[in-house]
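Structural characterization, general
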Amino acid sequence: MGVMHDGLTFSGGTAPFNGSWLKKPMSVISFDSREAFRGGMLIPLFNQSGVLPPFVGTDPTVMAGCSPYHVKSTELVAAFATSPERNSLLRQLFQYRADLRAIGIATGFQWLDGSFMENVEIVRGRPPKDIDLVTFAHRPQHAQTLAQWGAFISANSVLFLPPIGNLDAYFVDLNLPVGVLVSRTAYWAGLFSHQRVTALWKGLLQLDLAEDDAAAISTLGALP
């Protein structure tokens, strides 16, 4: 028997998502979460193409089963801290997140993409070289006006000009006018959801900027 969660039904014993849902009334996602996901985590397994699937289930119109998949930092480590190269990239990601919060960029989320989110060790015979990400966040309280925001960016340019170490990191200001914000979001969604060379459709992950990374960092500390 499936599990009901916010009006959607899942088989496999446990609902594979939680958090905010975009519902499609009377919709059913039919799949076995034990096969589609990594040991009960919210991160799907790589598909046959070596990428995260762009949706889970049989119907891509069900928004609740579509990428980006909302994850916690501990789940990110559990799924992807599998080599020294990957562990180094994760440490850089968590440092970048801490640096953003330290200057007041603390409300928003990040989309994670690139070869780090692919099975490149098998498909390309090498470890990932970087993490592609875009941060969607609100301005800090002391930098609300355009003049204040411009001065803030200039003073902290090291965090806004990619690459940042091995992070190909970009930023979208959530204080932008709605029309501009929709356009920027559509751009990054289109870019991140397809491989640039092959145009292969793929999924990405979403990590809340306010997520406490302490446990994830602690786990990484015991790894090479």
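Residues numbered from 1 in each chain as written. Predicted model: local features only at pLDDT ≥ 70, side-chain atom pairs only at ≥ 80, totals over all residues. Heavy atoms only, no water.

Let's talk about the overall build of the protein chain
If you tally the helices and strands in the protein chain, you get seven helices and eight strands. Taken over 224 residues, the protein chain has a buried fraction of 44%. Long-range pairs, those at least 24 residues apart, make up 64% of the contacts in the protein chain with a sequence separation of at least 6. Carbon and sulfur atoms form 59% of the exposed surface of the protein chain, whose accessible area is close to 11,100 Å². (Helix = DSSP H or I, 4+ residues; strand = E, 2+ residues; numbered from the N terminus. Buried < 20%, exposed > 50% of the residue type's maximum accessible area, 1.4 Å probe, protein only. Contact = heavy atoms within 4.5 Å. Areas by Shrake-Rupley, 256 points an atom, 1.4 Å probe, with all protein chains shown as cover.)

Examining the confidence of the model for the protein chain
Taken residue by residue, the protein chain gives an average pLDDT of 82. The fraction at 70 or more is 82%. For residues 1–35, every residue scores under 50 in pLDDT, and the model assigns this stretch 68 contacts once sequence neighbours within four places are set aside. (pLDDT = per-residue confidence, 0-100.)

Examining the sheet that holds strand β5 (residues 108–113)
Paired through backbone hydrogen bonds, the strands of a sheet run either parallel or antiparallel to each other. The sheet built from five strands is open, its strands ordered β4-β8-β5-β6-β7 with mixed pairing. Pairing within the sheet leaves two strands with one partner each, and these edge strands are β4 (69–71) and β7 (167–173). Each adjacent strand pair in this sheet contributes to an overall mean axis angle of 25°, direction not counted. The pairing of strand β6 (residues 131–137) with β7 spans seven bridges and is parallel. (Pairing = 2+ DSSP bridges. Axes fitted to C-alpha atoms, helices over the stretch in contact; angles between N-to-C directions.)

Remarks on the pairing of strand β8 (residues 205–208)
In this structure, β4 lies alongside β8, joined through three bridges in parallel fashion. The partner of V71 across the bridge, within β8, is L207. With four bridges joining them, β5 and β8 adopt antiparallel strand pairing. Of the residues in β8, the one forming a bridge with Q110 is L207.

What to know about the nonpolar core
Core analysis: the largest hydrophobic core is formed by 39 residues, its most contacted members being L76, L90, I105 and L205. For this core, the elements supplying multiple residues, two or more each, are β4, α2 (73–80), α3 (84–102), β6, α5 (146–155), β7, β8 and α7 (214–221). Top element by residues in this core is α3. It accounts for six residues. Core analysis: the next-biggest nonpolar cluster, separate from the first, contains nine residues, L174, L181, W188 and F192 among them. (Core = buried A, V, L, I, M, F, W, Y, C linked by side-chain atoms within 4.5 Å.)

As for the packing of aromatic side chains
What the rule picks out here adds up to 14 aromatic pairs. For the pair W149 and F160, a centre-to-centre distance of 6.2 Å together with 80° between the ring planes defines the contact as edge-to-face. Pair noted here: W149 is in helix α5 and F160 is in the loop between α5 and β7, with a separation of 11 residues, a long-range link. The structure contains a cluster of three or more aromatic residues connected by ring pairs, namely W149, F152, F160 and F171. We note R86 situated over the ring of F116; from NZ or CZ to the ring centre the distance is 4.9 Å. (Phe/Tyr/Trp six-rings, centres within 6.5 Å; stacked < 30°, edge-to-face > 60°. Lys NZ or Arg CZ within 6 Å of the ring centre and 35° of its normal.)

Looking at helix α6 (residues 178–192)
Helix length check: α6, at 15 residues, gives a terminal C-alpha distance of 21 Å against a target of 21 Å (1.5 Å per residue), a fit within 8%. Where α6 is concerned, the buried positions are L181, W188 and F192. Buried residues of α6 fall within an arc of 40° about the axis and therefore sit on the same side. Of the exposed residues in α6, the ones pointing more than 90 degrees away from its buried face are G179 and V182. On the buried face of α6, the contacting elements are β5, β6 and β7. (Expected span 1.5 Å × (residues − 1). Arc of directions from axis to C-beta.)

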